[in-house]
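If you want the building blocks of each chain, they are given just below.
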Amino acid sequence: MSLWEYANPARFMALSGRLLPWLTALAVAALGVGLLWGFFFTPDDYRQGATVKIIYLHVPSAMVAINAWFMMLVASLIWLVRRHHVSALAARAAAPVGLVMTLVALGTGAIWGQPMWGTWWAWDPRLTSFLILFLFYLGYLALWAAVDDPDTAADLTSILCLVGSVFAVLSRYAVNFWSQGLHQGASLSLDKEENVADVFYQPLLVAIGGFVLLFLALVLTGTRTQIRARRLKALVALERMG
Amino acid sequence: MPVLGKYAATVLGAYGLSLILIAVLVAWVLWRGRQVKRALAEAEARRAGQNG
């Protein structure tokens, strides 16, 4: 059996219908455990005090915001190369989720930054590239809404997605590219010396898992909606033709 | 409830904002899904009625 068989909308609907209840339950469980563990059962940081608890929202939402765009990039490339409608619709379904995750990361970052840096906002490389990523999400959704023909909309948004990927990469690696600005380096690293302490790291991993599962559940739900909306549009067009 | 000290407003504000945004997102995705599903069921019923 090939992966491409799930590009068939009927097969995708059947598989996603079976997966969704499990994904949703796992997302709720992981989010609940990760956030409750992080909020109630972790100590304050010796420098950042209780504000360290924001890490369980800020880091997972930022990771999902960036990786959602990469998922959209892969889906867009599949659409451009193989013309599978499900992949274009999956990219469209991921965009609102990525947009909200970007907003959560920007909002929690501003709230966290105020007591730690003394400012809500700075034109720091990572913050600025993240703001541009947010604007790309808005532009991507606006372009889907503005173009009536779904195939043309998928083509144009796929190109926009390719361009926006530059800023998704910059959002991830801005701290490494420019050794300046207020934002610290990565909180999670394969290098144990650079990682956050285990007491914060373990609940953070669970919270990240919860955010990723929530993203997957919402994208699957959104893709199913987009597939139905496409079918609905075709039926309405048939009715109008008499 | 953990003792958040002078950062209580900061931490609770971050959690409140995030949970509201995520709740609105989840509610919108579910609402839109139900709306489209219902409209499609109606359109398919009309089509089935026309065909026979």
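1. Some remarks on the overall build of chain B
Working step 1: When you go through chain B residue by residue, the secondary structure sums to one helix and zero strands.
Working step 2: Here chain B has a C-alpha radius of gyration of 22 Å; the compact-globule value for 52 residues is 10 Å, and the former is much larger.
Working step 3: Viewed in the frame of its principal axes, chain B has a C-alpha envelope of about 70 × 15 × 5 Å.
Working step 4: Expressed as a percentage of the 52 residues in chain B, the buried residues total 15%.

2. Quick word on the overall build of chain A
Working step 1: Scanning chain A from terminus to terminus reveals six helices and zero strands.
Working step 2: Over its C-alpha atoms chain A spans a radius of gyration of 20 Å, differing by no more than 12% from the 18 Å that the globule rule assigns to 242 residues.
Working step 3: Referenced to the eigenvectors of the C-alpha coordinate spread, the extents of chain A come out at roughly 70 × 35 × 30 Å.
Working step 4: Here chain A, with 242 residues, has 43% of them falling under the buried criterion.
Working step 5: If you take every contact in chain A between residues at least 6 apart in sequence, the share linking residues at least 24 apart comes to 78%.

3. Looking at the environment of D148(A)
Working step 1: Tracing the backbone through its elements, the reader meets D148(A) in the loop between α4 (125-146) and α5 (150-177).
Working step 2: For the pair D148(A) and M101(A), spaced 47 residues apart in the sequence, the C-alpha separation amounts to 27 Å.

4. Some thoughts on the nonpolar core
Working step 1: Within the largest apolar cluster, 70 residues are counted, with the highest numbers of intra-cluster contacts made by A68(A), A94(A), L133(A), F215(A) and V219(A).
Working step 2: Where this core is concerned, the elements lending two or more residues are α1 (9-40), α2 (55-82), α3 (85-117), α4, α5 and α6 (198-241) of chain A together with α1 (8-51) of chain B.
Working step 3: At 17 residues, the largest contribution of residues to this core is made by α3(A).

5. Section: the interface of chain A and chain B
Working step 1: Counting from both sides, the interface comprises 30 residues of chain A and, opposite them, 25 residues of chain B.
Working step 2: Elements with a minimum of two residues in the side of chain A that touches chain B: α1, α2, α3 and α6 of chain A.
Working step 3: If you tally residues by element for the side of chain A that touches chain B, the top one is α6(A), at 11 residues.
Working step 4: In terms of residue class, the side of chain A that touches chain B is built from 18 nonpolar, eight polar and four charged.

6. Quick look at unusual backbone geometry
Working step 1: Residue R83(A) is not a glycine yet carries a positive backbone phi of 60°.
Working step 2: On the secondary structure map, R83(A) appears in the loop between α2 and α3.

7. Some thoughts on α3(A)
Note on helix geometry: an α-helix contains 3.6 residues per turn, so any two residues three or four positions apart are oriented the same way.
Residues and elements named next belong to chain A.
Working step 1: With 33 residues, α3 ought to run about 48 Å at 1.5 Å a step, and its terminal C-alpha atoms sit 46 Å apart, in line with that.
Working step 2: The principal kink in α3, of about 25°, is found at A95, preceding the proline P96 by one to four residues.
Working step 3: Extensive coverage of α3 is indicated by the burial of 26 of its 33 residues.

8. Remarks on the confidence of the model for chain B
Working step 1: Summing up the model confidence of chain B, the mean pLDDT is 93 and the portion of residues at 70 or higher is 98%.
Working step 2: Confidence estimates for the predicted assembly give a pTM of 0.92 and an ipTM of 0.93.

9. So, the environment of D149(A)
Working step 1: Structurally, D149(A) is set in the loop between α4 and α5.
Working step 2: D149(A) sits 56 residues away from A93(A) along the chain, and the two C-alpha atoms are 17 Å apart.

10. Some words on the packing of α6(A) against α1(B)
When two helices pack together, their arrangement is captured by the angle between the axes and the distance separating the axes.
Working step 1: For the pair α6(A) and α1(B), the least separation of the axes is 9 Å and the interaxial angle reads 30°. Considering the angle they form, α6(A) stands roughly parallel to α1(B). Crossing handedness for the pair α6(A) and α1(B): left-handed. Contact with α6(A), carried on its side by L218(A), T221(A), G222(A), R224(A), T225(A), R228(A), A229(A), R231(A), L232(A), L235(A) and V236(A), involves V26(B), V29(B), R32(B), G33(B), V36(B), K37(B), A39(B), L40(B), A43(B), E44(B) and R47(B) of α1(B) and no other residues of that element.

Calculation criteria
Residues numbered from 1 in each chain as written. Chains lettered and ligands numbered in written order. Predicted model: local features only at pLDDT ≥ 70, side-chain atom pairs only at ≥ 80, totals over all residues. Helix = DSSP H or I, 4+ residues; strand = E, 2+ residues; numbered from the N terminus. Rg over C-alpha atoms; globule rule 2.2 N^0.38 Å. Buried ≥ 20, exposed ≤ 12 C-beta atoms within 10 Å, placed from the backbone. Contact = placed C-beta atoms within 7 Å. Core = buried A, V, L, I, M, F, W, Y, C linked by C-beta atoms within 7 Å. Nonpolar A, V, L, I, M, F, W, Y, C, P; charged D, E, K, R; others polar. Expected span 1.5 Å × (residues − 1). Bend = angle between axes of the 7 residues up to and from the residue. pLDDT = per-residue confidence, 0-100. Axes fitted to C-alpha atoms, helices over the stretch in contact; angles between N-to-C directions. Parallel < 35°, antiparallel > 145°, perpendicular 65-115°, else oblique. Left-handed = near helix turned anticlockwise from the far one by under 90°.

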